[in-house]
Amino acid sequence: MTLAFTICSINYLAQARTLGDSLRRTNPHIRFVIGLVDRLDKANLPADKYPDYELLELHQIGINKLDEMCAHYNITELNTAVKPYFIRYFFEHISQVTNVVYFDPDIIVYQELNGLEQQLQQSDFVLTPHLITPLNDQKTPNELHHLNTGVYNLGFIALHKSPQTVAFVKWWEQKLFDECKIDLCNGLFVDQHWADFIPVFWENTHVEKHFGYNAAYWNLHERTFSERAGTHFVNEMPVVFFHYSGYDPQKPLLISKYQDRFDFLQRPDLQPLFLFYHQELTRNQNEYYRQFACYYIKKEPVYKYQRLRKWLRSPFVKLLEKLNGMPKS
Amino acid sequence: MTCVFTVCTAQQYPFAQQLGNSLPVGVLFKIGLVKGNLKAENTVAVEEIVIPDFDQMQARYNDDALVAACKPFFAHYFLSQPGVEQVIYFDVTTQLFGDLQLITTQLATADIILTPQLRWPMGKVTYGDEKQFLNTGLYNAGFVALQKSQNTLAFLEWWQARLTDRAFFDLCHGMYHDQLWLNFVPVYFEKVKVVKNEGWNVGLHNLHERVIGTKGENWWVNNQTPLLFFNFRECLYQSKNGTDILQKSGTNQLVNSYLKSIKLDKSSAPVFSLYQQLNPVVAAWKRWLKQKLLYIIEQINYFPIYH
């Protein structure tokens, strides 16, 4: 049995519902679970706002020292750090599970996933690279950004349950317990950068180079879209799933807040895909859910008197720079 | 025909000679010389090959980055020589211990051969841990083997274009000379083989997972795989952790005999060491003062006046 899941807090439930709806349309045989990094009982979510999907709350999967993780991470880091913990829960507690597929909540699945399920009969891991072909300009994001944050996009990963993947999940858990940070100078970029090691440390990895998998703002240079009779195509192949990373329905003119390469004027081929996403998020009440603060994340205090603090610390910073022998930004 | 080559400065020539001596007799061996004057029969000066923006590269890079950046240009040059079908690049600090054919036969089915820095998850060991390989490269650029093909030429052109202006040592911005770029290679190009044999490309960075020993006349890795080639680059500098790893992995004898054969002492060897860059020797008082300063800055930043 294939189980697909996503992870989010209540503020992203419109996205998760949209993903769930798309899986229900295209792959009704796949069991879909929303891993919720939040507490429904504390949020007082009214019954009619519960998504019509299986919900598995973070405190139910038995993470050792969850408090420590919560104290250590912000909302993005925590939502990414718990990925292997959920996968292990599915492997260990749902005996029929043979494949686990993770999708970021901001993905829509447009096609049957039978190709992926067939691949998982031969491969233990399926990963999608950010880029399949070189990107020759230096706008954002470019190849250097991917070198700093990971060759594969971890908005998607598919695993076939095997000794290999069980070992990987355990290793990943250990890494993400305290090193699911964004610290580029030290090689860290949440859960994603660690996954670069998968094809090196483990066998049976398939790197999927189908242009219809994990199409997103970072690989638009190599993908042209079209729509015919209600079906979306990319480079004349069906779009299997599109990843709307960085899209904000409140700013519908921006493809993604993380890129500066394209806009919708240059890329009218993207409009049908995004128009549909905008409608779906609206229908799934994004405006309502987005206002919830995550139960697990303590609000960071705003420290006052920043100018005074800067002036006070400047001599110490200067001395430190001198010791380090180079300017510190 | 196979051409084995390395790229270095004139100062590093003794290393190149030692690499050449370790190769089988009759193998074509070339040395790409990036800086300095040296007339030896198997050297090719960088001025002899076509690098369109070499002047700018010279201006923007230090010697270490320049040597690294010229690698794909030399590879392309040697691959274009009449009769040459394969090229094998070794870092200048490499020595071959086994049969070169073990590499060339792999090129019958692959266009591009790379070796990973690490073979297995490492946990935390004295060398560091896995994350430092995430922004310095999954594959070690001290070895690349190439079969002549359109695919290989496309790879070299792609690598050349990047190394022309993005071969700095700047880990915070996704750059580590020529090496970090290799992360893309198995994704972008066809017929790429990552050889995970533990006897290939042994060096300080993977000695925590390998034990070196002799059986009869030959060196073996983990008591089960013949040692094919060893890169001494990171073993040339003395550090406490480095010494510990050499000791534990049984590599001291190997390193010492290498140093003796190139007649250099450890301190005078002018080769870039990543380990040294990442773990500079800092005097105790400096380390203490730095910690104090960081503590004071933190206190000023986070003294709780907030609403």
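Scroll up a little and you will see the structure.
Everything numeric here is computed off the predicted structure, so don't read it as measured data.

Things to note about the overall build of chain A
A count of helices and strands for chain A gives 12 helices and 14 strands. What you see for chain A is a C-alpha radius of gyration of 21 Å, in line with the 20 Å of a compact globule of 329 residues. With respect to the three principal axes, the spread of C-alpha positions in chain A is 65 × 45 × 45 Å. Counting all 329 residues of chain A, 56% fall into the buried class. Just so you have it, chain A exposes about 14800 Å², and 52% of that area is on carbon and sulfur atoms. For chain A, the centre of its 34 positive side-chain charges and the centre of its 37 negative side-chain charges are spaced 9 Å apart.

Concerning the pairing of strand S1 (residues 2–8) of chain A
All names here are of chain A. Judged by how many residues are buried, S1 sits mostly within the fold: seven of seven residues are covered. Residues Thr 2, Ala 4, Thr 6 and Cys 8 of S1 are buried on one face, and the alternating residues Leu 3, Phe 5 and Ile 7, pointing to the opposite face, are buried as well. Where S1 meets strand S4 (residues 99–103), four bridges bridge the pair, whose relative direction is parallel. The residue of S4 that forms the bridge with Ala 4 is Val 101. Of the pairings in the sheet, the one linking S1 to strand S2 (residues 31–36) comprises six bridges and is parallel in character. Residue pairing in the sheet places Leu 3 in a bridge with Arg 31 of S2. You can see the chain leave S1, run along helix H1 (residues 13–26) and come back into S2, and the turn it takes is right-handed.

Considering unusual backbone geometry
Negative phi values dominate among residues other than glycine, just as trans dominates among peptide bonds. Each neighbour pair has its own omega, and for Thr140(A) with Pro141(A) the value is -5°, a cis peptide bond. Looking at the element boundaries, Pro141(A) is found in the loop between strand S6 (125–127) and helix H7 (143–149). For Lys191(B), which is not glycine, the phi dihedral falls at a positive 50°. Checked against the element boundaries, Lys191(B) lands in the loop between helix H8 (185–188) and strand S10 (192–194). In the Ramachandran plot, Asn222(B) falls in the positive-phi region, its phi being about 50° despite a non-glycine side chain.

A look at the packing of helix H4 (residues 71–79) of chain B against helix H7 (residues 150–165) of chain B
Residues and elements named next belong to chain B. For the pair H4 and H7, the least separation of the axes is 8 Å and the interaxial angle reads 150°. The orientation of H4 relative to H7 falls into the category roughly antiparallel. In the packing of H4 onto H7, the handedness of the crossing is left-handed. Judged by residue contacts, Lys 71, Pro 72, Phe 73, Ala 75, His 76 and Leu 79 of H4 engage Thr 152, Leu 153, Leu 156, Trp 159, Gln 160, Leu 163 and Thr 164 from H7. Looking at the contact of H4 with H7, its residues break down into eight nonpolar, four polar and one charged.

Concerning the interface of chain A and chain B
The partner chain B presents 48 residues to the 47 residues of chain A that form the contact. In total, chain A and chain B occlude about 4400 Å² of area from one another, counting both sides; carbon and sulfur atoms represent 64% of this. It is Leu147(A), Val200(A) and Leu323(A) that lose the most area in chain A upon contact with chain B, and together they represent 15% of the buried surface on that side. The partner of Lys131(B) in a salt bridge is Glu179(A), and the shortest N-O contact between them spans 2.6 Å. For the side of chain A that touches chain B, the elements supplying multiple residues, two or more each, are H7, helix H8 (163–178), helix H9 (198–201) and helix H12 (306–324) of chain A. Residues that form the side of chain A that touches chain B fall into these classes: 29 nonpolar, nine polar and nine charged.

Quick word on the sheet that holds S2(A)
All names here are of chain A. Taken in spatial order, the seven strands line up as S3-S2-S1-S4-S7-S6-S10 in an open sheet, and their pairing is mixed. Among the strands making up the open sheet, the edge pair consists of strand S3 (54–57) and strand S10 (205–207). For this sheet, the mean angle separating the axes of adjacent strands, direction not counted, is 20°. Pairing of S6 with strand S7 (residues 156–160) involves two bridges; the strand directions are antiparallel. Paired with Phe 125 across the bridge in S7 is Leu 159. Packing of helix H6 (residues 114–122) onto the sheet brings it into contact with S1, S4, S6, S7 and S10, and relative to S7 it is tilted by some 45°.

Overview of the environment of Phe189(A)
All names here are of chain A. Secondary-structure assignment places Phe 189 in strand S9 (residues 188–189). Of the residues examined, Phe 189 reaches a relative accessible area of 22% and is grouped as partly exposed. Considering only alpha carbons, one finds Phe 189 and Glu 77, 112 residues apart in sequence, at a separation of 9.2 Å. Those residues in contact with Phe 189 that lie beyond four places of it in its chain are Asn 148, Thr 149, Lys 181, Ile 182 and Leu 184.

Quick notes on a nonpolar patch on the surface
Judged by side-chain polarity, Tyr305(A), Leu308(A), Trp311(A), Leu312(A), Phe303(B) and Ile305(B) come together as a nonpolar surface patch covering roughly 660 Å² of accessible area. Relative to the elements of secondary structure, Trp311(A) occurs in helix H12. On the basis of relative accessibility, which here comes to 63%, the residue Trp311(A) falls in the exposed class.

Some thoughts on helix H10 (residues 252–262) of chain B
Two residues of an α-helix separated by three or four positions point the same way, owing to the 3.6 residues in each turn. Residues and elements named next belong to chain B. Among the residues of H10, those classed as buried are Leu 254, Val 255, Tyr 258, Leu 259 and Ile 262. Buried residues of H10 fall within an arc of 130° about the axis and therefore sit on the same side. Those residues of H10 that are exposed and angled more than 90 degrees off the buried face are Gln 253 and Lys 260. One or two positions beyond H10, positive phi appears at Lys 263, with a value near 55°.

What about the pattern of salt bridges?
Residues and elements named next belong to chain A. Per the counting criterion, the structure on display carries 28 salt bridges over all chains. Among the ionic pairs, Asp 48 bridges to Lys 49, the shortest N-O distance being 3.6 Å. Using a relative accessible area of 57% as the deciding quantity, one classes Asp 48 as exposed. Residue class for Lys 49 comes out buried when judged on its relative accessible area of 14%. Note that Glu 92 and Arg 88 form a salt bridge whose closest N and O atoms lie 3.7 Å from each other. Here Glu 92 and its partner Arg 88 are both found in helix H5 (residues 83–93), four residues apart, which amounts to about one turn of the helix. The partly exposed category is assigned to Arg 88, whose relative accessible area is 34%. Where salt bridges share partners, they join Asp 21, Arg 25, Glu 280 and Arg 283 into one cluster.

Section: H1(A)
Counted at 1.5 Å a residue, the expected span for H1(A) with its 14 residues is 20 Å, and the 20 Å between its end C-alpha atoms agrees. Of the positions making up H1(A), those classed as buried are Leu13(A), Ala14(A), Gln15(A), Ala16(A), Arg17(A), Thr18(A), Leu19(A), Gly20(A), Asp21(A), Ser22(A), Leu23(A) and Thr26(A).

Remarks on the sheet that holds strand S11 (residues 212–215) of chain B
Residue and element names in this part refer to chain B. The strand order across the open sheet built from three strands is S11-S12-S13, with neighbouring strands paired in antiparallel fashion. Each edge of the open sheet is held by one strand with a lone partner, namely S11 and strand S13 (225–226). Sheet topology note: the S11/strand S12 (residues 218–221) ladder contains four bridges and is antiparallel. When the bridges of S12 are listed, Lys 215 appears paired with Asn 218.

About the criteria used
- Residues numbered from 1 in each chain as written.
- Chains lettered and ligands numbered in written order.
- Predicted model: local features only at pLDDT ≥ 70, side-chain atom pairs only at ≥ 80, totals over all residues.
- Heavy atoms only, no water.
- Helix = DSSP H or I, 4+ residues; strand = E, 2+ residues; numbered from the N terminus.
- Rg over C-alpha atoms; globule rule 2.2 N^0.38 Å.
- Buried < 20%, exposed > 50% of the residue type's maximum accessible area, 1.4 Å probe, protein only.
- Areas by Shrake-Rupley, 256 points an atom, 1.4 Å probe, with all protein chains shown as cover.
- Lys, Arg positive; Asp, Glu negative; His and termini not counted.
- Charge placed at Lys NZ, Arg CZ, Asp CG, Glu CD.
- Pairing = 2+ DSSP bridges.
- Right-handed = clockwise from strand over helix to strand, strands pointing away.
- Axes fitted to C-alpha atoms, helices over the stretch in contact; angles between N-to-C directions.
- Parallel < 35°, antiparallel > 145°, perpendicular 65-115°, else oblique.
- Left-handed = near helix turned anticlockwise from the far one by under 90°.
- Contact = heavy atoms within 4.5 Å.
- Nonpolar A, V, L, I, M, F, W, Y, C, P; charged D, E, K, R; others polar.
- Buried area = accessible area lost by both parts, 1.4 Å probe.
- Salt bridge = Lys/Arg side-chain N within 4 Å of Asp/Glu carboxyl O.
- Patch = residues over 30% accessible without salt bridge, like charges linked within 9 Å, V, L, I, M, F, W, Y side chains within 5 Å.
- Arc of directions from axis to C-beta.
- Expected span 1.5 Å × (residues − 1).

The analysis is restricted to geometry; functional conclusions fall outside its scope.
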